Amino acid sequence: MIDFLVETCLLCHGLVSISDDEMAEVFKGIPGAGFVWIEEGSLHIGDLEEFMRFRALRVKGRASMKTLDDFIASGKNAALTASGTMRICREMGIRLAVSCGIGGVSNIWDREVSDDLPGLAELNIPLIATSPKDMMDIQETIKWLKDNNVKTYGVGSDKCTGYVFNSADVQLDGKFSGDIAEAGSNQLILNSIPGNERIQDLSILKKAVETGKEAASRGEHFHPAANAALDRATGGLASRIQLRSAAANARLASRLISH
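In this text the structure is predicted, and so the values were computed from the model without any measurement. (Residues numbered from 1 in each chain as written. Predicted model: local features only at pLDDT ≥ 70, side-chain atom pairs only at ≥ 80, totals over all residues. Heavy atoms only, no water.)

Structural notes on the state of the cysteines
In step 1: Within the structure shown, the criterion is met by zero disulfides.
In step 2: There is no disulfide at Cys-89, and the cysteine sulfur nearest it, in Cys-9, is 14 Å away.
In step 3: Here Cys-100 is not cross-linked by a disulfide; its sulfur's nearest cysteine counterpart is in Cys-160, at 12 Å. (Disulfide = S-S within 2.5 Å.)

Right, dumping it as structure tokens:
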């Protein structure tokens, strides 16, 4: 039985040095976990084995809550972002979504707001994530969420201090109580990577952002290019810690659903 859905964009696009076998091993045995994607214009919700078959196709499409219908109408393939995943949870009556690094208020594109934020504000699906991505303006991202009636809680902490870097120090609404919100409420639960396990050199982040911007100027997607640059600069560490964090978030979701 599928009790919650895991975002698939990071798993398909962002972890360039992670093999299919390694990913399958890390996500193995998480009760209730489901994965969602679009294949040849058809929406699929499946278990880990079914998703790994899709990941092997190495698709490049990224469907958010706003672009999902276009991918379906055009018969294309796509993994789903956090907002796309929350939208499918809403439509399918699944009460919880799981992501890892989410979008936010951009430090790069003239304060552009990622679809993940209105997804949290409008779709009424609680989301477990790790943090807004380090290249976002995390202070402004949390402020946007508070201004739009999304409650933000940290697992074991009432602050957001960054994603794979120690890049922020932002106050949240409080520590997570251990209970997911009732249907119809907006809640972001941040299950952070321990600070001593993150990448310590912030210059690596700066260089990765530049690589992502160069890719975007060529018409490619920013975040996969930036993640690939982080992976190269850290000998795969950036990918491994994101993979472990995504799986930890799914395990937390599984415990909460069965609680």
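And the narrative resumes.
Remarks on the pattern of salt bridges
In step 1: The full count for this structure, using the stated rule, is 11 salt bridges.
In step 2: In this structure, Arg-87 and Asp-69 form a salt bridge, with 2.8 Å as the shortest nitrogen-oxygen distance. Linking Arg-87 in helix α5 (residues 82-92) with Asp-69 in helix α4 (residues 68-74), this pair joins segments that are 18 residues apart in sequence.
In step 3: Owing to a relative accessible area of 15%, Arg-87 belongs among the buried residues under this scheme.
In step 4: According to the relative accessible area criterion, Asp-69 is partly exposed, its value standing at 42%.
In step 5: Where Arg-87 meets Glu-91, a salt bridge forms, and the shortest distance between an N and an O atom there is 2.7 Å. Of this pair, Arg-87 and Glu-91 are both found in helix α5, four residues apart, which corresponds to roughly one turn of the helix.
In step 6: A residue is classified by how much of its surface remains accessible, and Glu-91, at 47% relative accessible area, is partly exposed.
In step 7: One continuous salt-bridge network, built from bridges that share partners, spans Asp-20, Arg-55 and Arg-58. (Salt bridge = Lys/Arg side-chain N within 4 Å of Asp/Glu carboxyl O. Helix = DSSP H or I, 4+ residues; strand = E, 2+ residues; numbered from the N terminus. Buried < 20%, exposed > 50% of the residue type's maximum accessible area, 1.4 Å probe, protein only.)

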